[in-house]
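Inside the fold
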Amino acid sequence: MKLRFTRHACFGGLAALTAFALTACGDPGPASGGGGGSTVIGVDYPRSDTDFWNSYIKYTPEFAKELGLNLKTTNSQNDVAKLTANAQTFISQGVKGVAMAPQDTAAIAPTLAQMEAKKIPVVTVDTRPDTGNVYMVVRADNRAYGEKACQFLGTKLGGKGKVVMLQGDLASINGRDRTEAFNACMKKNYPAIKVLGEATNWDGAVAAQKLQTDLTAHPDIRGVYMQSSFALAGTLQVLKQKDLLVGPEDKKHVFIVSNDGIPEELKNIAEGKIDATVSQPADLYAKYALYYLKAAIEGKTFRPGKTDHDSTIIQVRDGLLEDQLSAPLVTADGGTYGGVPSLKSDDSSLWGNNLG
């Protein structure tokens, strides 16, 4: 699906998103019912075994109701074969658009091609397909995740020492972006810090086992970068077993940066168990994935540029746009690290402090 760029600006739908580049002007009209509107869309949840994705699952029907969309859902459980089968289910149900978060960003290409051939627009959330067209990608700048983690740890360690990076999955664009950016930032800004990279496939048990092995072989490790909160519980357990789960004022403290911004991370930052996270916006992922699906069905198009919801739409390649939502660094003191500003862990603007 190729997007036509337009110079006309229009407003409509949610208060955000339309300060630029809509071809179909005017108010899209009131919602036609709470999650029971006439427009049927499908949302595939990628997994339900992490606090982050469970939060996304919670937010999705709330925004579907607000937009008047009739929601059909499936769960692919981190399995691209199940995602492919779920896409077939959506097609048979006559959905007008699909939101998905493919964790294997290469293998999803045939499914995207099939949806495009059937003129069913697709919005991908959190991940960007390696090939193929979708109407919009809704994610944060994942390279910035790695850079923010690097700057925080590099500052805290005074530019020297050893850190473990618990990688996600390099089959995912997110795992690659975070890994490459973290390594590049360390090499450029903190060359005296040794990075021990560990592939984990987003598996908490694997991450804990590899961290334990690294701490045994390198007892002088001073930092850990977890590419997602999937590794949080296991990391804290390993540090406790090693008598290293101590406050930041203790010289034995191991500085920890995570990604996600779930409530448990924010609580742990306040308690001094971990030191920072990058708040990945679960609420905004749900909100704007559904908004863009509705916009696609209504024939609207977008162009690169700043939005009115603190993000930037970029053109990744011909026919592929990505709305890069804000994902702030979160720390205990709200300080600036290596030029990167942060929010305090109790900041009321963080979705992790507003789950209710």
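This write-up is about the structure you can find in this document. If you're wondering where the values come from, they're calculated on a predicted model, not measured in any experiment.

Criteria and cut-off values
Residues numbered from 1 in each chain as written. Predicted model: local features only at pLDDT ≥ 70, side-chain atom pairs only at ≥ 80, totals over all residues. Heavy atoms only, no water. Helix = DSSP H or I, 4+ residues; strand = E, 2+ residues; numbered from the N terminus. Contact = heavy atoms within 4.5 Å. Areas by Shrake-Rupley, 256 points an atom, 1.4 Å probe, with all protein chains shown as cover. Pairing = 2+ DSSP bridges. Axes fitted to C-alpha atoms, helices over the stretch in contact; angles between N-to-C directions. Buried < 20%, exposed > 50% of the residue type's maximum accessible area, 1.4 Å probe, protein only. Arc of directions from axis to C-beta.

Let's shift gears to the overall build of the protein chain. A count of helices and strands for the protein chain gives nine helices and 15 strands. Counting only contacts in the protein chain whose residues sit at least 6 apart along the sequence, the fraction spanning at least 24 positions is 68%. Within the structure as shown, the protein chain displays about 14000 Å² of accessible surface, and the carbon and sulfur contribution to it stands at 50%.

Okay, the sheet that holds strand 9 (residues 255–260) next. Read across the open sheet, the seven strands follow the order 7-6-8-9-10-14-15; overall the sheet is mixed. Two strands in the sheet have a free side with no partner beyond their single neighbour: strand 7 (193–199) and strand 15 (342–344). Across the sheet, the axes of successive neighbouring strands diverge by a mean angle of 25 degrees, strand direction being ignored. The sheet contact formed by strand 8 (residues 221–226) and strand 9 spans three bridges and is parallel.

If you walk across this open sheet you meet the eight strands as 2-1-3-4-5-13-12-11, and the pairing is mixed. The open sheet has two edge strands with one neighbour each: strand 2 (69–75) and strand 11 (305–306). When strand 4 (residues 122–125) meets strand 5 (residues 136–140), the two strands line up parallel, connected through three bridges. Residue pairing in the sheet places Val123 in a bridge with Met136 of strand 5.

Taken residue by residue, helix 8 (residues 263–271) has Glu265, Leu266, Asn268 and Ile269 as its buried positions. Considered in projection along helix 8, the buried side chains sweep an arc of 160 degrees and stay on one side of the axis. Looking at the buried residues of helix 8, the elements they touch are helix 7 (232–241), strand 9, strand 10 (276–279) and strand 14 (329–331).

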